Amino acid sequence: MIVDLEKTSSADISKKLVQLRNEVGSMTLGRVMTLVVVSSREHVDESLRVASEATRLHPSRIIAVVDEPDAGDDDLNAQIRLGGDAGASEIIVLGLRGELAEHGAAAITPLLLPDSPVVAWWPMQADENIGETQIGRMAQRRITDVSLSDDPRGEILRRAMYYTAGDTDMAWARTTRWRGLLAGALDLPPYEPVQRIVVKGASDSASTDLLGGWLSVELGCPVQRELTEPGLGLVAVELHRESGVISLLRDGEQAILRQPDQPDRQMALPRPDAVASLTEELRRLDRDEIYRDALVRGLPKIVADDEHDE
């Protein structure tokens, strides 16, 4: 069910939600959070598709905020989606026109689920300091995606500069499987310290930098970042120990894990899409201290190919 409300208010939207729930039997019970999606009019439908898919495991109230400061009249247009048009969640799209675009938090606040966490997601390039934006201040978790930037590696460094507790990025979610495989490999004998680390990935892959930052913090040794051609994402990791090298190499959607005195392990290791990355980030609603350490403490310790060339 889709209902459009023109030149409306937050109070009228709330009343309409109650009426529609009574008519179609939709319940707010069991919804674990409010997910605020900061989008443009051009990308809102795709953003809501991703959000709906990602919240199937985390039923939510999704509020999409579309700022249109140059639209003319100062008014609020809304759309409510329930049932099959919203997946496991319920969706409210807020079109803030004119000067109302400067007051998004005031329009959102009455629509937040009571006593539930607020997560904000920017499926587009976000402000540098998202923790100080109106929506950022009301959220316990703030999710960005530096891959949408023209310079993802530079953008992740800016995220480190302006980090606020609760920030995270979908580039971090794309390292989850890699981190699990590497940690599992180090849990096997021989239990030797890692002396040197090499991470290889595309020149536009912030995930490669974050993985290197995590390894640097966790293993306390130097990390060399090797650049490959753009668009390939994470390509390889080498953990050098006295007994030999543990390597995880990805080619397309397949990967090989090699360890001294062990048979090679082949496995699927596809690059997560937007739905998988957002789903991963929504698994936790508290602060991710491991991400913070990789971002703030780990990134400065990485030596990259381009630094050697200077």
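Here is a short report on the structure shown in this document. (Residues numbered from 1 in each chain as written. Predicted model: local features only at pLDDT ≥ 70, side-chain atom pairs only at ≥ 80, totals over all residues. Heavy atoms only, no water.)

### A closer look at the overall build of the chain
Stage number 1. Per the secondary structure count, the chain includes eleven helices and 15 strands.
Stage number 2. When the backbone C-alpha atoms are referred to their principal axes, the chain occupies close to 70 × 40 × 30 Å.
Stage number 3. A total of 310 residues make up the chain; the buried ones form 52% of that total.
Stage number 4. The long-range share in the chain, meaning contacts at least 24 apart out of those at least 6 apart in sequence, stands at 73%.
Stage number 5. Working note: accessible area of the chain is about 14,500 Å², and carbon and sulfur atoms make up 48% of it.
Stage number 6. Each charge class in the chain was averaged separately, 34 positive and 53 negative side chains, and the resulting centres sit 5 Å apart. (Helix = DSSP H or I, 4+ residues; strand = E, 2+ residues; numbered from the N terminus. Buried < 20%, exposed > 50% of the residue type's maximum accessible area, 1.4 Å probe, protein only. Contact = heavy atoms within 4.5 Å. Areas by Shrake-Rupley, 256 points an atom, 1.4 Å probe, with all protein chains shown as cover. Lys, Arg positive; Asp, Glu negative; His and termini not counted. Charge placed at Lys NZ, Arg CZ, Asp CG, Glu CD.)

### A few points about the pattern of salt bridges
Stage number 1. Counted according to the given criterion, the structure contains 23 salt bridges.
Stage number 2. A salt bridge links Arg-56 to Glu-53; the nearest nitrogen and oxygen atoms lie 3.5 Å apart.
Stage number 3. A residue is classified by how much of its surface remains accessible, and Glu-53, at 35% relative accessible area, is partly exposed.
Stage number 4. For Arg-141, the salt bridge goes to Glu-281, with nearest N and O atoms at 3.0 Å. (Salt bridge = Lys/Arg side-chain N within 4 Å of Asp/Glu carboxyl O.)

### Points about helix H9 (residues 274–281)
Working note: α-helix, 3.6 residues per turn, so residues spaced by three or four point in the same direction.
Stage number 1. Regarding H9, the residues found buried are Val-275, Ser-277, Leu-278, Thr-279 and Glu-281.
Stage number 2. Residues of H9 that are buried make contact with helix H2 (44–54), strand S6 (118–121), strand S7 (141–144), strand S8 (167–169) and helix H6 (170–173).
Stage number 3. Structurally, the start of H9 carries an N-cap: the backbone nitrogen of Val-275 is 3.3 Å from a side-chain oxygen of Asp-273. (Polar contact = N/O pair within 3.5 Å; in protein donor to acceptor, adjacent residues only side chain to side chain.)

### Considering the environment of Pro-193
Stage number 1. Relative to the assigned elements, Pro-193 resides in the loop between helix H7 (176–186) and strand S9 (196–202).
Stage number 2. For the pair Pro-193 and His-240, spaced 47 residues apart in sequence, the C-alpha to C-alpha distance is 8.8 Å.
Stage number 3. Setting aside residues up to four positions removed in sequence, Pro-193 forms contacts with His-240 and Arg-241.

### Looking at the packing of helix H8 (residues 206–219) against helix H10 (residues 289–298)
Stage number 1. Put simply, H8 and H10 touch, their axes get as near as 8 Å, and they point 95 degrees apart. Our classification of the angle between H8 and H10 gives roughly perpendicular. Contacts from Leu-210, Gly-213, Trp-214, Ser-216 and Val-217 of H8 reach H10 at Ile-290, Tyr-291, Asp-293, Ala-294, Leu-295, Arg-297 and Gly-298.
Stage number 2. A class-by-class count of the residues in the contact of H8 with H10 yields seven nonpolar, three polar and two charged. (Axes fitted to C-alpha atoms, helices over the stretch in contact; angles between N-to-C directions. Parallel < 35°, antiparallel > 145°, perpendicular 65-115°, else oblique. Nonpolar A, V, L, I, M, F, W, Y, C, P; charged D, E, K, R; others polar.)

### Section: the side chain of Thr-55
Stage number 1. Take Thr-55: it is sitting in the loop between H2 and strand S3 (60–68).
Stage number 2. Looking at Thr-55, the relative accessible area reads 0%, which means it is buried.
Stage number 3. Within polar-contact distance, the side chain of Thr-55 engages the backbone oxygen of Ala-51 at 2.8 Å.
Stage number 4. A distance of 3.3 Å separates the side chain of Thr-55 from the backbone oxygen of Ser-52, its partner in a polar contact.

### Regarding the sheet that holds strand S11 (residues 234–241)
Backbone-to-backbone hydrogen bonds join strands into a sheet, with any given pair of strands oriented parallel or antiparallel.
Stage number 1. Pairing is mixed across the open sheet formed by seven strands, whose spatial order is S14-S13-S12-S11-S9-S10-S15. Pairing within the sheet leaves two strands with one partner each, and these edge strands are strand S14 (265–268) and strand S15 (302–304). Along the sheet, successive strands turn relative to each other by an average axial angle of 15 degrees, direction set aside.
Stage number 2. Contacting S11, strand S12 (244–251), strand S13 (254–258) and S14, H7 crosses the sheet at an angle of about 20 degrees to S11. (Pairing = 2+ DSSP bridges.)

### Things to note about the sheet that holds strand S5 (residues 90–97)
Stage number 1. Reading across from one edge, S1-S4-S5-S3-S2-S6-S7-S8 is the order of the eight strands in this open sheet, with mixed pairing throughout. Both edges of this open sheet fall to strand S1 (2–5) and S8, since each of them pairs with a single strand only. Taking the axes of each pair of neighbouring strands and ignoring which way they run, one obtains an average angle of 20 degrees across the sheet.
Stage number 2. Bridge count between S3 and S5: eight bridges; the pairing is parallel. Within S5, the residue paired with Asp-67 across the bridge is Leu-96.
Stage number 3. Of the strands in this sheet, strand S2 (33–39), S3, strand S4 (76–81), S5 and S6 are in contact with H2, which crosses S3 at around 165 degrees.

### Brief notes about the pairing of S14
Stage number 1. Pairing between S13 and S14: four bridges, direction antiparallel. Within S14, the residue paired with Gln-254 across the bridge is Ala-268.
Stage number 2. Count of turn residues in the S13/S14 antiparallel hairpin: six residues, of which Asp-261 carries a positive phi of about 65 degrees.

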